[in-house]
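Given next are the chains, with one letter for each unit.
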Amino acid sequence: MQKYEYHKLLDRAVEALPKEIVVKERFQMPQGIIFHEGNTTILKNIGEIADRVNREVGQIFSYLLKELGTAGEIDGDRAIFQGKIPESRMQECIKRYVKRYVLCRECGRPDTKLIKKNRTLLLKCEACGAIHPVAGKIKRE
Ligand SMILES: [Zn+2]
């Protein structure tokens, strides 16, 4: 009888835990706000994207330039690319950047840091401690 009551108490204690501890929040992939102006493509929120994933604007920008094979410039919080780049292609590149340079390949969380070791760029996860070379294979693609 006593044992039964003890278990009941334990159940109640678990129910009382705040939900944040039990439910893991899911990372939302940042979406680019993209429009065309003349013969250029403008990514209006590159600054916001950089904030969201905790990376430098310049690093994301140079990745996008390389992926898209074009030239461009940063103007405040927005990036301007030469040429009319389809929106879907730009979103794809942003997604690829986040997968490669931000998300942990073990636990999928964005709490990561880039570190350099022996001239190799590594992605270190603050949440689970995993370390992967950035240039390595991506499991979750
Ligand atoms: Zn991790």
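Residues numbered from 1 in each chain as written. Predicted model: local features only at pLDDT ≥ 70, side-chain atom pairs only at ≥ 80, totals over all residues. Heavy atoms only, no water.

Concerning the side chain of N45
Phase 1 of the analysis: Mapped onto the fold, N45 is located in the loop between β2 (40-43) and α3 (46-53).
Phase 2 of the analysis: Exposure remark for N45: the relative accessible area of 5% places this residue in the buried category.
Phase 3 of the analysis: In this structure the side chain of N45 is engaged in a polar contact, spanning 2.8 Å, whose partner is the backbone nitrogen of I33.
Phase 4 of the analysis: Apart from residues lying up to four places away in sequence, N45 is in contact with Q31, G32, I33 and D77. (Helix = DSSP H or I, 4+ residues; strand = E, 2+ residues; numbered from the N terminus. Buried < 20%, exposed > 50% of the residue type's maximum accessible area, 1.4 Å probe, protein only. Polar contact = N/O pair within 3.5 Å; in protein donor to acceptor, adjacent residues only side chain to side chain. Contact = heavy atoms within 4.5 Å.)

Comments concerning the sheet that holds strand β5 (residues 112-117)
Phase 1 of the analysis: The antiparallel open sheet is built from three strands, whose spatial order is β5-β6-β7. Since the sheet does not close on itself, it has two edges, and those belong to β5 and β7 (131-133), each with one partner. Neighbour-to-neighbour, the strand axes of the sheet open up by a mean angle of 30°, direction not taken into account. (Pairing = 2+ DSSP bridges. Axes fitted to C-alpha atoms, helices over the stretch in contact; angles between N-to-C directions.)

Here we look at the pattern of salt bridges
Pairing between side chains becomes possible if they bear opposite charge and their charged atoms approach one another.
Phase 1 of the analysis: Overall, the coordinates contain three salt bridges when judged by the stated rule.
Phase 2 of the analysis: Two residues, D75 and R78, come together in a salt bridge whose shortest N-O distance is 3.2 Å.
Phase 3 of the analysis: Overall, D75 belongs to the partly exposed group, its relative accessible area being 38%.
Phase 4 of the analysis: Here R109 makes a salt bridge to D111, at a shortest N to O gap of 3.1 Å. (Salt bridge = Lys/Arg side-chain N within 4 Å of Asp/Glu carboxyl O.)

Considering the coordination of the zinc ion
Phase 1 of the analysis: The coordination sphere of the zinc ion contains the protein donors C104 (SG), C107 (SG), C125 (SG) and C128 (SG), at a distance range of 2.3 Å.
Phase 2 of the analysis: Every donor counted, the four donor atoms about the zinc ion form angles of 105 to 116° at the centre, which fits tetrahedral coordination.
Phase 3 of the analysis: Taken in sequence order, the residues that donate to the zinc ion follow the motif C-x2-C-x17-C-x2-C. Linking C107 in the loop between α5 (87-101) and β5 with C128 in the loop between β6 (120-125) and β7, this pair joins segments that are 21 residues apart in sequence.
Phase 4 of the analysis: Residue C107 is classed as partly exposed on the basis of its relative accessible area of 26%.
Phase 5 of the analysis: For C128, a relative accessible area of 41% translates into the label partly exposed. (Donors = N, O, S within 2.8 Å, 3.2 Å for Na, K, Ca; no water. Tetrahedral: all angles 85-135°; square planar, octahedral: opposite > 155°, others 65-115°.)

Here's the deal with the nonpolar core
Phase 1 of the analysis: If you look at the biggest cluster of nonpolar residues, it comprises 25 residues, and the most contacted ones within it are L43, I60, L64, F81 and M90.
Phase 2 of the analysis: Going through the elements one at a time, α3, α4 (57-68), β4 (78-82) and α5 are the ones with two or more residues in this core.
Phase 3 of the analysis: Excluding residues within four positions of it along the chain, M90 makes contact with I34, T41, L64, L68, F81 and I85. (Core = buried A, V, L, I, M, F, W, Y, C linked by side-chain atoms within 4.5 Å.)

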